[in-house]
Amino acid sequence: MSGTIVGVLGLQGDIEEHLAALDMARSRLGVEGESTLVKGLEDVKKIHALIIPGGESTVIGALSSIKGILPALRERIDNGLPTLGTCAGMIMLAKKAQDRVVGETNQTLIGALDITVERNSFGRQAESFEADLKLNLPGSGSFHGVFIRAPSVKSLGEGVEELARLDNNIVAVQQGRIIGTAFHPELSGSTLLHEYLIGLANPYGK
Ligand code: GLN
């Protein structure tokens, strides 16, 4: 099989949903390629793009640390690996995270994306919701955002652009080839973000 290899960090969270969205995105784009689960160092080395799924960021951080893959992930992302972090995945990418209720969490993060996130920014499970957003990416008009115990972005470092806002909360950002969303695009029915990621990994088409 030719085309790009997109890795989905396969330790915890909604991994299957991203794999399905990637298949759909490739078929809509008419490109070949494959997806692989990232669980160890060999996987980190072979991928052309990465998705860090939503789930529970403290668990994803702890498991990544046990697997010994954090420094390698950080290095590849710093060197331009196209990366999409959704919800807990965006938290993992952030330089700094705090929780709306408990404050400082001292959790393990990758730290490649220069933002501070507030975890559980919209409340706990009962406050999960859906909302249509304006997403500032090529080809995107309105995007259906699914928010599940979602974070928001409290501050942006230099070189980080806001991609979407919900009321006064920043809910999607981009820093070079890194994209973070507070919502779950893999549950939205739209594959725009997955297509965009594949495009970043394979800028010359098929
Ligand atoms: N609240 C979770 C966390 O802080 C994120 C939830 C999600 O990924 N849907 O890790």
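In what follows, the structure referred to is the one given above.
Quick summary incoming for the structure in this document. From a predicted model like this one, the values you see are computed outputs, not experimental measurements.

What follows is about the overall build of the protein chain. Within the protein chain, the regular secondary structure consists of six helices and 13 strands. Computed over its C-alpha atoms, the radius of gyration of the protein chain comes to 15 Å, within 12% of the 17 Å expected for a compact globule of 206 residues. With the C-alpha coordinates aligned to their principal axes, the bounding extent of the protein chain is approximately 45 × 40 × 30 Å. With 206 residues in all, the protein chain has 55% of them scored as buried. In the protein chain, the proportion of contacts linking residues at least 24 apart, taken out of those at least 6 apart, comes to 67%.

Attention now goes to the site of the ligand. Around the ligand, the surrounding shell consists of Gly-54, Gly-55, Glu-56, Ser-57, Cys-87, Ala-88, Ile-91, Arg-119, Asn-120, Ile-148, Arg-149 and His-184. A distance of 2.9 Å is found between a nitrogen atom of the ligand and a side-chain nitrogen or oxygen belonging to Asn-120. Within the backbone of Ile-148, an N or O atom sits 2.9 Å from a nitrogen atom of the ligand. When the ligand sits alone it has 300 Å² of accessible area, and the protein chains cover 98% of it.

On to the packing of helix H1 (residues 15–29) against helix H6 (residues 192–201). Closest axis-to-axis distance for the H1/H6 pair is 8 Å, and the angle between their directions is 70°. In terms of axis orientation, H1 runs roughly perpendicular to H6. Of the residues in H6, those in contact with His-18, Ala-21, Leu-22, Ala-25, Arg-26, Arg-28 and Leu-29 of H1 are His-194, Glu-195 and Ile-198. Of the residues belonging to the contact of H1 with H6, the class tally is five nonpolar, two polar and three charged.

Looking now at the environment of Val-173. With respect to the element layout, Val-173 can be found in strand S12 (residues 169–175). When its relative accessible area of 0% is taken as the criterion, Val-173 is described as buried. For the pair Val-173 and Arg-28, spaced 145 residues apart in sequence, the C-alpha to C-alpha distance is 24 Å. Look past the residues within four positions of Val-173 in its chain and what remains in contact with it is Met-90, Leu-113, Ile-115, Val-153, Leu-156, Val-160, Glu-161, Glu-162, Leu-163, Ile-178, Ile-179 and Gly-180.

What the rule picks out here adds up to eight salt bridges. A salt bridge links Glu-118 to Lys-154; its shortest N-O distance comes to 3.8 Å. With Glu-118 in strand S7 (residues 113–119) and Lys-154 in strand S10 (residues 152–156), this pair connects stretches of sequence that are 36 residues apart. Relative accessible area serves as the criterion here: at 42%, Lys-154 is assigned to the partly exposed category. Taken together, the shared-partner salt bridges in this structure form one network comprising Glu-56, Arg-119 and Arg-149.

For the rest of this paragraph, the subject is the packing of aromatic side chains. According to the stated counting rule, one finds five aromatic pairs in the structure shown. Between the aromatic rings of Phe-122 and Phe-129, the centroid separation amounts to 5.3 Å while the plane-to-plane angle is 70°, which identifies the pairing as edge-to-face. Taken together, the aromatic side chains of Phe-122, Phe-129, Phe-143, Phe-147 and Phe-183 make up a single cluster linked through ring pairs.

What follows concerns H6. Within H6, seven of the ten residues are buried, which leaves the element mostly enclosed by the surrounding structure. For H6, the full list of buried residues reads Leu-192, Leu-193, His-194, Leu-197, Ile-198, Leu-200 and Ala-201. Among the structural elements, strand S1 (4–9), H1, strand S3 (49–52), strand S4 (83–86), strand S9 (142–147) and strand S13 (178–181) are those in contact with the buried residues of H6.

Checked against the element boundaries, Ser-64 lands in helix H3 (residues 57–67). The buried category is assigned to Ser-64, whose relative accessible area is 0%. A C-alpha to C-alpha distance of 20 Å links Ser-64 and Asp-114, two positions 50 residues apart in sequence. Dropping the residues within four chain positions of it, Ser-64 is found in contact with Leu-9, Leu-11, Ile-69 and Leu-70.

Calculation notes
- Residues numbered from 1 in each chain as written.
- Predicted model: local features only at pLDDT ≥ 70, side-chain atom pairs only at ≥ 80, totals over all residues.
- Heavy atoms only, no water.
- Helix = DSSP H or I, 4+ residues; strand = E, 2+ residues; numbered from the N terminus.
- Rg over C-alpha atoms; globule rule 2.2 N^0.38 Å.
- Buried < 20%, exposed > 50% of the residue type's maximum accessible area, 1.4 Å probe, protein only.
- Contact = heavy atoms within 4.5 Å.
- Near = heavy atom within 4 Å.
- Polar contact = N/O pair within 3.5 Å; in protein donor to acceptor, adjacent residues only side chain to side chain.
- Areas by Shrake-Rupley, 256 points an atom, 1.4 Å probe, with all protein chains shown as cover.
- Axes fitted to C-alpha atoms, helices over the stretch in contact; angles between N-to-C directions.
- Parallel < 35°, antiparallel > 145°, perpendicular 65-115°, else oblique.
- Nonpolar A, V, L, I, M, F, W, Y, C, P; charged D, E, K, R; others polar.
- Salt bridge = Lys/Arg side-chain N within 4 Å of Asp/Glu carboxyl O.
- Phe/Tyr/Trp six-rings, centres within 6.5 Å; stacked < 30°, edge-to-face > 60°.

Any functional reading would require information beyond the geometric quantities listed.
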